[in-house]
There are 4 protein chains.
Amino acid sequence: MSSAMEKIAFIGIGNMGWPMAACLVRQGYDVKVFDAVPGRADAFVQEVGGAAAHTPADISAGVDVIITMLPTSLHVEQALTATTENISAGSLVIEMSSGLPSVTRTLAEALALRGVAMIDAPVSGGVERARSGTLAILAGGDLAALERARPVLEAMGSSIHRIGEVGAGQAMKALNNLVSAGGFLIGIEALIIGKSFGLDPELMVDALNSSTGMNNSTKNKFKQYVLSGKFDSGFGLDLMVKDLAIALDVGAAGGTATPFSALCLELARSTAGLLGPGRDHTEFARLPERLSGVQLHAEPNET
Amino acid sequence: MSSAMEKIAFIGIGNMGWPMAACLVRQGYDVKVFDAVPGRADAFVQEVGGAAAHTPADISAGVDVIITMLPTSLHVEQALTATTENISAGSLVIEMSSGLPSVTRTLAEALALRGVAMIDAPVSGGVERARSGTLAILAGGDLAALERARPVLEAMGSSIHRIGEVGAGQAMKALNNLVSAGGFLIGIEALIIGKSFGLDPELMVDALNSSTGMNNSTKNKFKQYVLSGKFDSGFGLDLMVKDLAIALDVGAAGGTATPFSALCLELARSTAGLLGPGRDHTEFARLPERLSGVQLHAEPNET
Amino acid sequence: MSSAMEKIAFIGIGNMGWPMAACLVRQGYDVKVFDAVPGRADAFVQEVGGAAAHTPADISAGVDVIITMLPTSLHVEQALTATTENISAGSLVIEMSSGLPSVTRTLAEALALRGVAMIDAPVSGGVERARSGTLAILAGGDLAALERARPVLEAMGSSIHRIGEVGAGQAMKALNNLVSAGGFLIGIEALIIGKSFGLDPELMVDALNSSTGMNNSTKNKFKQYVLSGKFDSGFGLDLMVKDLAIALDVGAAGGTATPFSALCLELARSTAGLLGPGRDHTEFARLPERLSGVQLHAEPNET
Amino acid sequence: MSSAMEKIAFIGIGNMGWPMAACLVRQGYDVKVFDAVPGRADAFVQEVGGAAAHTPADISAGVDVIITMLPTSLHVEQALTATTENISAGSLVIEMSSGLPSVTRTLAEALALRGVAMIDAPVSGGVERARSGTLAILAGGDLAALERARPVLEAMGSSIHRIGEVGAGQAMKALNNLVSAGGFLIGIEALIIGKSFGLDPELMVDALNSSTGMNNSTKNKFKQYVLSGKFDSGFGLDLMVKDLAIALDVGAAGGTATPFSALCLELARSTAGLLGPGRDHTEFARLPERLSGVQLHAEPNET
Ligand SMILES: NC(=O)C1=CN([C@@H]2O[C@H](COP(=O)(O)OP(=O)(O)OC[C@H]3O[C@@H](n4cnc5c(N)ncnc54)[C@H](OP(=O)(O)O)[C@@H]3O)[C@@H](O)[C@H]2O)C=CC1
Ligand SMILES: NC(=O)C1=CN([C@@H]2O[C@H](COP(=O)(O)OP(=O)(O)OC[C@H]3O[C@@H](n4cnc5c(N)ncnc54)[C@H](OP(=O)(O)O)[C@@H]3O)[C@@H](O)[C@H]2O)C=CC1
Ligand SMILES: NC(=O)C1=CN([C@@H]2O[C@H](COP(=O)(O)OP(=O)(O)OC[C@H]3O[C@@H](n4cnc5c(N)ncnc54)[C@H](OP(=O)(O)O)[C@@H]3O)[C@@H](O)[C@H]2O)C=CC1
């Protein structure tokens, strides 16, 4: 892609990071990977290619670009701290997790003192679009750094939006997920009302999809993950709750009052409390199901 | 379309009814129109064609199909009562208003006793799609009656969904509008949070539209009617509140508990209370704007 | 109390009706009782005194005052219809259930045509205060009828408030229960937040009770029925949900927008959906407990 | 009170601090006061007695006990930092503001390193009870420090609850205010529903007060500050919003999901956004008034 392709370190090869790093390998990048789960980096090398780092510290030795794709900003802070000595001046950190803008800004300031640039570039689209390299990328940071990152980002995504300064991408990402979660929840409640009235959920989803009730969840999640009873989108409920909390936090910092969003967060948090850990975000549907005693999917509802 | 085209009475030629009746005229139907606003039927005949009824009673004399497109079920009840003597056995009533399923069912039962069939076929898509004859039609009623209505409906819409028995179309319509209103509100709140954080509303809408936050409002309403400050979609706030109330009513009848939807209705009702009558439904955005003191559109906010 | 004490029919001797009718017997009234549960009227006569009616129809034969204390207005309508022929002109109906103002008004109009007066006089205070004859009575109806009823009401209650015309007592009753339920729920959520922070629920209740957080639930319900794990106040969750629905219905009729109250109703309805029938209204506490995974009472939480 | 009465520094003599410090003077304590508002300390000395500090630093010179009564924990942090050098080992800080438990704990740890004890002892009851020395005091801290503080606290309050370790008093205070605000809001919404139905607000408040809808707001705020149109309780809306945010923050830290409380906070924040700064907390009533277009108080509603 670029005449002299940058050498890349990729930290966090989980549900999203794995297929994203795989896109980079496919594009010909020299990629070194690391993950906290033992053996995962080696598995990646075997299945996909690239090299593995074996300690948290040596991941950034000898690379130009360091990508982080971790659950939360806390993990990013730890990962970067562990390897800080090995990050050479002139390199670029691309933080792609859905993280907290305030933490990212603090990290960016600290790295700047060492001559290291940092942008944030969280993604939207889920595991499917990570695999096909067609993620939507919401970036924040100064223009020069973003231009430098562009070829790397284009290997993973099909649209790149610069939203503002560093942290802005993550703020936008959280807001995007808030809108997504709200559309999911109101859609599920509508299906539940309709089913209690005697309507067929599949027909209702079709009707929404050709009407103004259409949203990303009615199109890509309801039949696929909820009505099917599969609940296997690959995006965790805990991660969704984290994103909503970031969105509301961004709002509270700005002093805004957003009752509808606040209720959405609380209901998501309630679902996580009710169901326990390890759930898919599409299991958000189980809250209105339980509260109203109406089940949308065929299978018996496990406790 | 059909070898012997049915003669049609069209009651209610307002924002939606006018362009819908015009589609029928364009398709070659023999259309008689009536509206409570004096002079409106004559204006239609002059601009578009067809004939005008001059009393509420004579609108259904000599026709095969009677279409109602009125603000609420109450209006439909009055309109049909006024002309009941003139509805001949064997004709078909197509109720296309966004009405109350329970009232529609009662009307259908009464008409059945007189040998008159009735289906409900409310529409989604707004004035634009009414003009182009590409509405989404959500129908309820028995199959034979719906098949008879199909050519007429196809003159006005590009997709026809049969959701269930009579009333089911209106239940679905209300649920569709609930999902639409919820997606609108959560999207506006997200823009407000983002703007208070320093992000640009236009960029945010673009980002939502290529990400999972996409919904019908982010695509077709935010830039067009809200950020532009135009608020002229042509669908009234009072009508939206009515639809949400129907959706929740369908739910309460089924005994369902839907907190997120209930809050959406109350906030919509609050907006109507706060702004007074005669507002566009996109002015729903003014509630979060006022509550948080952040304005999304450029113009000074009028009281 | 009055020189010539009125003869009284008492329909519905359930949790509340039984102790209320017992107060009348204790005050020397001649009381005839009836209940849909077979044998209950006879049990009352044996334990407390008075006479039993054995068919729904004969309960009002030969009496001056007919008291109804039934679950809902629907039951009241049925009970009065069944005995309508036996209600003599000049008698007085005192409807003491927590019913729907609109239904009560319709009943009152029908009775007025037969020369029978009707007031509504629902009560607040629960089973304890019913036993001790110290209920708060919220009455609606014209002054003369209310004055006639006063001695009878004073046998059961310690405060009598005339709120307005017939139906006003029931509207006020529903609103009272809304405020009560809201105070209960916000108090329980506060205890849950506090417990998750490490505070002791008993100490928190004491602190609320000497501070501005005090309300009827913090005083009379939290330690008694929730922290104790007893959940046996004697006022059913289904009845509470009914009252909240009436309160919101009164509001919707008036076109008011009350988001906080609407959420309270939906959460109450959710609790009833989640727990199933036959629950005490203090089990409303189980919803926030489950949603947040924090339990306030000692015993293991049954499903 | 104690044989050798402690010398007291009082920082923050605003709406609450002034009458509280005055209680101490009346009880014979040697009190030195300071406030950020120029001239206020001197005014206190002239009207009430005691001595004035003239720089933020010298307030704690030569005293045994330092009391803080400031708007937020941020102010407390600044005030204590400014005078830190003058706080002698062995003295006791009593933080009486409604502050953030986490900040207070951090301050307490820092002071402990200097041999200074700290407890938190926020108050409930408002300006009236501050004047009469009958506040409810919600304390957190170790037992010895609290026992030492007791005589001083008893000069200002009539009940002292130890809730737990340092910070626990403030957590409890925030939760108390959450319950208080929730009771206020649901009560106001009920009055609005009732008024829209035709009921008289004064009669409704009386009815609530003798029924289960009774709470501290129905008793002490509705007639006094809302129906009267006075809105002059002396407790600011901004301070109430701060307390609710602390309560929810305590909850979020514990991972709890409390939808009803979250909506209460958002609606309070909305009211503050809608009305602008300098409002009394009882003006929370103006939100449901505006949202529903029903006004409870007689005077014309100013913008
Ligand atoms: N899944 C999805 O559909 C989407 C996810 N996202 C966001 O992308 C980010 C990643 O999500 P996802 O891939 O699903 O999460 P996963 O939990 O699947 O992957 C994260 C991986 O990083 C590892 N890890 C944690 N800490 C470290 C560390 N210090 N050094 C190296 N590795 C570490 C984790 O190990 P361990 O399990 O041991 O913690 C895990 O294997 C999140 O911020 C998420 O919100 C964005 C869009 C869509
Ligand atoms: N319990 C409480 O603390 C309070 C209750 N209330 C209100 O008082 C009313 C009564 O409540 P409560 O006593 O708890 O209810 P219960 O269900 O305990 O009692 C109602 C009784 O009426 C019987 N009944 C139903 N229909 C008829 C009929 N047509 N003729 C004769 N009897 C009939 C019921 O029988 P069956 O069970 O077979 O239906 C039942 O035995 C309700 O409106 C409630 O909301 C008010 C204040 C407090
Ligand atoms: N008012 C009430 O009814 C109740 C209040 N509370 C709580 O008590 C606390 C005080 O409230 P209240 O008295 O109403 O508030 P006020 O704003 O009336 O008083 C606070 C005073 O402290 C001054 N101040 C601010 N910073 C400093 C500083 N660094 N050094 C010295 N003085 C300073 C303020 O000056 P300036 O105005 O210049 O900032 C102001 O005069 C708050 O935490 C509140 O939540 C608790 C119960 C009831």
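Residues numbered from 1 in each chain as written. Chains lettered and ligands numbered in written order. Predicted model: local features only at pLDDT ≥ 70, side-chain atom pairs only at ≥ 80, totals over all residues. Heavy atoms only, no water.

Per an unreviewed UniProt entry, chain A goes by NAD(P)-dependent oxidoreductase and derives from Sphingorhabdus lacus.

Here we take up the environment of Met240(D). Relative to the helices and strands, Met240(D) resides in helix 11 (residues 237-253). For Met240(D), the residues in contact, after removing those within four places along its chain, are Ala181(D), Phe235(D), Ala268(D), His281(D) and Phe284(D). (Helix = DSSP H or I, 4+ residues; strand = E, 2+ residues; numbered from the N terminus. Contact = heavy atoms within 4.5 Å.)

Right, let's get into the interface of chain D and chain A. At the junction of the two partners, chain D supplies eleven residues and chain A supplies twelve residues. On the chain D side of the contact with chain A, Pro259(D), Glu266(D) and Arg269(D) bury the most area, a combined 47% of that side's loss. For the pair chain D and chain A, the interface holds zero salt bridges. Taken together, the connections running from chain D to chain A amount to two residue pairs in polar contact (both at pLDDT 80 or more). Residue classes in the side of chain D that touches chain A are distributed as five nonpolar, four polar and two charged. (Buried area = accessible area lost by both parts, 1.4 Å probe. Salt bridge = Lys/Arg side-chain N within 4 Å of Asp/Glu carboxyl O. Polar contact = N/O pair within 3.5 Å; in protein donor to acceptor, adjacent residues only side chain to side chain. Nonpolar A, V, L, I, M, F, W, Y, C, P; charged D, E, K, R; others polar.)

It is worth spelling out the site of ligand 2 at this point. Residue and element names in this part refer to chain C. What surrounds ligand 2 is a group of 24 residues, the closest being Asn15, Met16, Asp35, Met69 and Leu70. Relative to its unbound accessible area of 900 Å², ligand 2 is 82% covered by the protein chains. Listing elements by their share of the shell around ligand 2, those giving two or more residues are helix 3 (73-83), helix 5 (126-131) and helix 11 (237-253). By residue class, the composition of the shell around ligand 2 is 13 nonpolar, eight polar and three charged. (Near = heavy atom within 4 Å. Areas by Shrake-Rupley, 256 points an atom, 1.4 Å probe, with all protein chains shown as cover.)

The subject of this paragraph is the relation of the copies chain D and chain A. Rotating chain D by 180° and moving it 0.0 Å along the rotation axis overlays it on chain A with an RMSD of 0.0 Å. Such values leave the two copies arranged in the relation of a two-fold axis. Interface overlap between copies: 100% of the residues of chain D at the interface are likewise at the interface in chain A, consistent with a symmetric, same-surface contact. (Least-squares fit on C-alpha atoms with pLDDT ≥ 70 in both.)

What follows deals with the packing of helix 12 (residues 259-275) of chain A against helix 7 (residues 168-197) of chain B. At their nearest, the axes of helix 12 of chain A and helix 7 of chain B sit 8 Å apart, and the two run at 100° to each other. With respect to helix 7 of chain B, the axis of helix 12 of chain A lies roughly perpendicular. The segment helix 12 of chain A lies against helix 7 of chain B, with Pro259(A), Phe260(A), Ser261(A) and Cys264(A) engaging Gly182(B), Leu185(B), Ile186(B) and Glu189(B). Across the contact of helix 12 of chain A with helix 7 of chain B, the residue classes tally to five nonpolar, two polar and one charged. (Axes fitted to C-alpha atoms, helices over the stretch in contact; angles between N-to-C directions. Parallel < 35°, antiparallel > 145°, perpendicular 65-115°, else oblique.)

Residue and element names in this part refer to chain A. Taken domain by domain, chain A holds domain 1 (7-166) and domain 2 (171-292). Computed over C-alpha atoms, the centres of domain 1 and domain 2 are 28 Å apart. Each side of the interface is counted separately: domain 1 has 13 residues, and domain 2 has twelve residues. Around 960 Å² of area is buried between domain 1 and domain 2 when both sides are counted, 63% of it from carbon and sulfur atoms. For the domain 1 face of the interface with domain 2, the top three residues by lost area are Ser98, Pro101 and Leu138, together amounting to 37%. (Domains from an automatic or database assignment.)

With that settled, consider the site of ligand 3. Residue and element names in this part refer to chain D. Near ligand 3 there are 24 residues, and of these Asn15, Met16, Asp35, Ala36 and Met69 occur at the shortest range. Between an oxygen atom of ligand 3 and a main-chain N or O atom of Met16, the distance comes to 2.8 Å. Within the backbone of Pro71, an N or O atom sits 3.0 Å from an oxygen atom of ligand 3. In isolation ligand 3 exposes 900 Å². Once the protein is present, 82% of that is buried. Of all elements in the fold, only helix 3 (73-83), helix 5 (126-131) and helix 11 reach the threshold of two or more residues within the shell around ligand 3.

Our focus in this paragraph is the UniProt feature "domain: 3-hydroxyisobutyrate dehydrogenase-like NAD-binding" (unreviewed entry) in chain A. Here the UniProt-annotated "domain: 3-hydroxyisobutyrate dehydrogenase-like NAD-binding" (unreviewed entry) positions come out as residues 167-287 of chain A. Helix and strand shares over residues 167-287 of chain A are 71% and 0% respectively, and the end C-alpha atoms of the span are 32 Å apart. (UniProt positions renumbered as here; feature names shortened; annotations may be inferred.)

What follows concerns the relation of the copies chain B and chain A. Overlay of chain B on chain A (RMSD 0.1 Å): rotation 180°, translation along the axis 0.0 Å. When the interface residues of chain B are mapped onto chain A, 98% of them again fall at the interface, so both copies present the same face.

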